[in-house]
Amino acid sequence: MSDQERWHIHVSGIVQGVGFRPFVYTLAQQHGVGGFVLNNSSGVVIEVEGLPSQLQAFLTALRHEHPPLAQINAIHVEPIAPQGTQGFQIVQSVAGTQGKGTTMIAPDTTPCNDCLHELFQPTDRRYHYPFINCTNCGPRFTIIRTVPYDRQYTTMEHFPMCVLCQAEYDDPHNRRFHAQPNACAACGPQLSLLDAHGQPSVSADPIAATVARLIQGDVLAIKGLGGYHLVCDALNAAAVARLRQRKQREARPFALMLPDLDTVRAYTALSAAEAALLTSIQRPIVLLAQQPASAQPHPLPPEVAPGYATLGVMLPYTPLHALLLAAYQAALPAGYPPVLVMTSGNLSDEPIAYRDDDARTRLLPLADAMLTHNRPIHIRCDDSLARVVADKVQLLRRARGYVPQPISTAFHFAEPVLATGAHLKNTFCIGREQHAFVSHHIGDLENLETLTSFTEGIDHFKHLFDVQPQVVAYDLHPDYLARRYAHEQPYTRRIGVQHHHAHIASVLAEHGLNERVIGVAADGTGYGTDGTIWGGEIMLADCRSFQRTLHLAHMLLPGGEQAVRQVWRIAAAWLWQVYGEEWQELPIPFTQQSELAQWLTLRQMIERGINTPRTSSMGRLFDAVAALLGLYSRVVYEGQAAIALETCAAPLAPDDIGYPVAVLAPPIGAPSDLVGVLDTAGLLQSIVAELQAGTPTAIIAARFHRSVARLLWHGCRLMRAQHGLGVVALSGGVFQNRLLLEQLTALLTADGFRVYTNQRVPPNDGGLSLGQAAVAAAHLTAAACAG
């Protein structure tokens, strides 16, 4: 028919693995158009033929009625010659078809309500099948090897579908139409329980046998979506202590898995926003305020979260978890809540185990048994960690449920960029066009295993998104492994990015800000352009450049890294800086005699400049105050003392402004490289006076937090007065401190500032790679304009 038209439509975004082709098929049937739809390595290709009015209605529905997990970034329409096609079909996908691979893969998602209903429906053929899924839920990122997202390119390729599953897969009206991981007990993956020697259990029901072991106090390794967990009964103090000892996790808290919101409310003070985050399709671990032990139905042993006022809680996010918690609850005595420790399957500081052979080698010495299955995990992916601050989600670890969903940017990457991230809490980022693909959490690059995970992850992202970056961005610290990697690889251009500039740039990239802002970067360690350790910085910044304008008064780290672990050294050196040798006469016995005996040696190191770096680190300031208050003199991990300081802070009256603070600004007309100081001498003198007066530790801790918030606020006010800027970006690991973040944000907002913080990436070093990529993109744009 001469009035027929045919359109070639290309859709990019998260459009594979989310039921998009079945959705397109149904739309075509509804609007009476012919043609086909297929996946390729750059998205979804559609050709439709019909009357112009039919095609336009089809296109409108395509834009506005797509599946809930889909995310359309662009639709390109091109008229082509009609072919007289009458019917519509889903065509077999072809890898590498039409151009570069810009397909965006969906994250792994929690079971949908339909699948959960079938899972617990005795008459359903997938009753109690732990790998149930459909086009609206299930594994995605952790099972895909390459694009397009078809079964033969996933770890499900070795599980041919049975007749019934194949019929569902082929039926356009079925919820499992082209659901790539589709399976059932007859044709899909199976569970198995191994004993401590790696031998299969004789039990016919691995879940029931796992529950029996949990009840008797065993520690189990359990395979999840992106790796293994180590699991035990959280209410069994002996089991928790045994797990802590085996895992060599001396002090950090364990995450918990609870079956439902009612149980969560029994142990935490849960807000509506936190409940929404817990039940979201991402299902992260959520940090929640603990209920007092006296209010808990069965109090958690202190070993679960020693010294913490919060709990990291998640709900079941796989069918296996749902079955396990249900069976566990049914087997427990009435009134005994099912609460499981669900911590990463590794020794402390190692990456999570995800390959079965490696898991048996590394985890069976830690566990009494292993609940595993035969669906391979292609890429490891830890649980995400988040919390709610002022009704906004703050990610603290971005991984399962969020990765590899890209962050859309207001700027364009003139060339593909790899940003290698930080040394601690590492992530990497690949920037392409107007998308930043921030990786899953890699961890601390302090051993070969984690470095291998880092390089494997980069290779996988390059392959998955068909990109070969020629530009690499990296942190300036000369000893960081991520920097060494950047210099060892054959990149054509390398861009070093100052640590704290990257923190601020990450906020700008998230929120699409292209203006110059006041950046407040507060963390533990970052290599400065002057070769010293920065960490308490106020700067004027955009993505292209920054100017350091104020920094926290320098403190000393006698012994370098030793001072980071033995925080009493930082406090002693601070007292010496302000009081001289008389500090030892002050009636504040925050150190032990054995530590004081080391002071003569430390003082000589300071006076001779031996291994005593100076730092403007806000993290080290918190460490020093925690030591002064007697909370910790030595720590097991960075941030431990600061967390204790926040935890012990008491509520303050609104009119209690804390301690005197001062901003020592350079004189008007001073050289631009002269940096002002956020002075802390008065802060220390006030704390010492309070200690001498016997003021409760909780009050001093609270006043300290308020004083730091006011100090940073005054610094921002000075920058506004001098430079006319009214936008503030806050980033860095110190802003994981809820008390400080909320107080500073309230002061700034009330004073008319617009305040932006990290939300889609962590404020800690896990978000640094995004900032590095943004800085690199700005450099490339500037170079292109100059050329």
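Anyway, here's the lowdown on the structure attached to this text.

Thresholds applied
Residues numbered from 1 in each chain as written. Predicted model: local features only at pLDDT ≥ 70, side-chain atom pairs only at ≥ 80, totals over all residues. Heavy atoms only, no water. Salt bridge = Lys/Arg side-chain N within 4 Å of Asp/Glu carboxyl O. Helix = DSSP H or I, 4+ residues; strand = E, 2+ residues; numbered from the N terminus. Buried < 20%, exposed > 50% of the residue type's maximum accessible area, 1.4 Å probe, protein only. Pairing = 2+ DSSP bridges. Axes fitted to C-alpha atoms, helices over the stretch in contact; angles between N-to-C directions. Core = buried A, V, L, I, M, F, W, Y, C linked by side-chain atoms within 4.5 Å. Contact = heavy atoms within 4.5 Å. Expected span 1.5 Å × (residues − 1). Parallel < 35°, antiparallel > 145°, perpendicular 65-115°, else oblique. Nonpolar A, V, L, I, M, F, W, Y, C, P; charged D, E, K, R; others polar. Phe/Tyr/Trp six-rings, centres within 6.5 Å; stacked < 30°, edge-to-face > 60°. Polar contact = N/O pair within 3.5 Å; in protein donor to acceptor, adjacent residues only side chain to side chain.

### Comments concerning the pattern of salt bridges
Proximity of charged atoms lets side chains of opposite charge pair with each other.
Moving on, step 1. According to the stated counting rule, one finds 30 salt bridges in the structure shown.
Moving on, step 2. Across the pair E118 and R175 runs a salt bridge, and its minimum N-O distance is 3.1 Å. Remark: R175 occurs in the loop between α4 (163–170) and β6 (191–195) and E118 occurs in helix α3 (residues 113–119); sequence separation between them is 57 residues.
Moving on, step 3. Residue E118 is classed as buried on the basis of its relative accessible area of 12%.
Moving on, step 4. Taking the shortest distance from any N to any O, the salt bridge between E168 and R125 comes out at 3.1 Å. Here E168, found in helix α4, pairs with R125, found in the loop between α3 and α4; they are 43 residues apart in sequence, far enough to count as distant.
Moving on, step 5. Judged by relative accessible area, which is 35%, R125 ranks as partly exposed.

### Digging into the sheet that holds strand β1 (residues 5–14)
Moving on, step 1. Strand order in the open sheet formed by five strands is β4-β1-β3-β2-β5, with mixed pairing between adjacent strands. The open sheet is flanked by β4 (71–80) and β5 (88–90), the only strands paired with a single partner. Ignoring strand direction, the axes of neighbouring strands in this sheet form an average angle of 15 degrees.
Moving on, step 2. Both β1 and strand β3 (residues 43–50) contribute to a ladder of seven bridges, which runs antiparallel.

### Things to note about the nonpolar core
Moving on, step 1. Ranked by internal contacts, the top residues of the largest apolar core, which has 103 residues, are I9, F20, I46 and L62.
Moving on, step 2. Contact partners of I46, with chain neighbours within four places excluded, come to W7, H8, I9, V11, V24, F36, V37, F58, L62 and F88.
Moving on, step 3. Core analysis: the second largest hydrophobic core is formed by 71 residues, A624, V635, Y659 and L730 among them.

### Some details on helix α15 (residues 568–579)
One full turn of an α-helix is made of 3.6 residues, so residues set three or four places apart face in the same direction.
Moving on, step 1. Spanning 12 residues, α15 covers 16 Å between terminal C-alpha atoms, matching the ideal 16 Å at 1.5 Å per step.
Moving on, step 2. Among the residues of α15, those classed as buried are W568, R569, I570, A571, A572, A573, W574 and L575.
Moving on, step 3. Looking at the buried side of α15, the elements it contacts are β24 (555–556), α14 (561–565), α16 (593–596), α17 (599–608), α18 (618–628) and α20 (681–693).

### Observations regarding the packing of helix α13 (residues 499–511) against helix α23 (residues 768–786)
Moving on, step 1. Taken N-terminus to C-terminus, the directions of α13 and α23 make an angle of 85 degrees; their axes are 7 Å apart at the nearest point. Here α13 lies roughly perpendicular to α23, going by the angle between them. Between α13, through H499, H501, A502, H503, A505, S506, A509 and E510, and α23, the contact on the second element is made entirely by L768, L770, G771, Q772, A774 and V775.
Moving on, step 2. For the contact of α13 with α23, the residue count by class is seven nonpolar, six polar and one charged.

### Regarding the sheet that holds strand β20 (residues 493–497)
Moving on, step 1. Strand order across the open sheet formed by four strands is β18-β17-β19-β20, with mixed pairing between neighbours. The open sheet has two free edges, formed respectively by β18 (429–438) and β20, since each of these has just one partner strand. Shown here is a sheet whose adjacent strand axes are inclined to one another by a mean of 60 degrees, direction ignored.
Moving on, step 2. Bridge analysis of strand β19 (residues 471–475) against β20 gives five bridges, and the strand direction is parallel. When the sheet's bridge partners are listed, D475 is paired in β20 with V497.
Moving on, step 3. On the sheet, α23 packs against β17 (407–419), β18, β19 and β20 and is oriented at approximately 80 degrees with respect to β17.

### Side note on helix α9 (residues 319–331)
Moving on, step 1. The end-to-end C-alpha separation of α9 is 18 Å, in line with the 18 Å expected for 13 residues at 1.5 Å each.
Moving on, step 2. Here α9 has its buried residues at P319, L320, H321, A322, L323, L324, L325 and Y328.

### Considering the packing of aromatic side chains
For any pair of aromatic rings, the description rests on two quantities: the centre-to-centre distance and the angle between the ring planes.
Moving on, step 1. For the structure shown, the criterion picks out 14 aromatic pairs.
Moving on, step 2. Ring centres of F141 and F461 lie 6.0 Å apart, and the angle between their planes is 80 degrees; this geometry places the pair in the edge-to-face category. One end of the pair, F141, is in the loop between α3 and α4; the other, F461, is in helix α11 (residues 448–464), and 320 residues separate them in sequence.
Moving on, step 3. Judged by centre distance (5.5 Å) and plane angle (70 degrees), the ring pair of F461 and F465 falls under edge-to-face.

### Quick notes on the pairing of β17
Moving on, step 1. Sheet analysis places β17 next to β18, joined by six bridges and oriented antiparallel. The residue of β18 that forms the bridge with L418 is I430.
Moving on, step 2. Here β17 runs beside β19; their pairing, made up of three bridges, is parallel. Bridge pairing links V417 to V471 in β19.

### A word on the environment of Q245
Moving on, step 1. The residue Q245 is located in helix α6 (residues 237–247) in this model.
Moving on, step 2. Sequence-wise, Q245 and L366 are 121 residues apart; in three dimensions their C-alpha atoms are separated by 9.2 Å.

### A word on the side chain of N346
Moving on, step 1. Tracing the sequence through the fold places N346 in the loop between β13 (340–344) and α10 (356–363).
Moving on, step 2. Residue N346 is classed as buried on the basis of its relative accessible area of 7%.
Moving on, step 3. Separated by 2.4 Å, the side chains of N346 and K247 make a polar contact.
Moving on, step 4. Within the structure, the side chain of N346 is placed 3.0 Å from the side chain of S344, a separation counted as a polar contact.
Moving on, step 5. What N346 contacts, discounting residues up to four positions off in sequence, is L230, K247, P351, I352, R362, L363 and L366.

### Focus on the pairing of β13
The two faces of the sheet receive side chains in turn, since in a regular strand these alternate between them.
Moving on, step 1. Counting buried positions along β13 gives five out of five residues, so the element sits mostly inside the fold.
Moving on, step 2. Note that strand β8 (residues 228–233) and β13 share five bridges and pair antiparallel. Directly across from L230, in β13, lies its bridge partner T343.
Moving on, step 3. Note: strand β9 (residues 255–257) against β13, two bridges, orientation antiparallel. Opposite L256, over in β13, you have V341 as the bridge partner.

### Regarding the packing of α15 against α20
Moving on, step 1. Relative to each other, α15 and α20 sit at 105 degrees, their axes nearing to 10 Å. On the basis of their axis angle, the class for α15 and α20 is roughly perpendicular. Taking contact as the criterion, the partners of W574, L575, V578 and Y579 in α15 are, on α20, A681, L684, Q685 and V688.
Moving on, step 2. Looking at the contact of α15 with α20 residue by residue, the class counts come to seven nonpolar, one polar and no charged.

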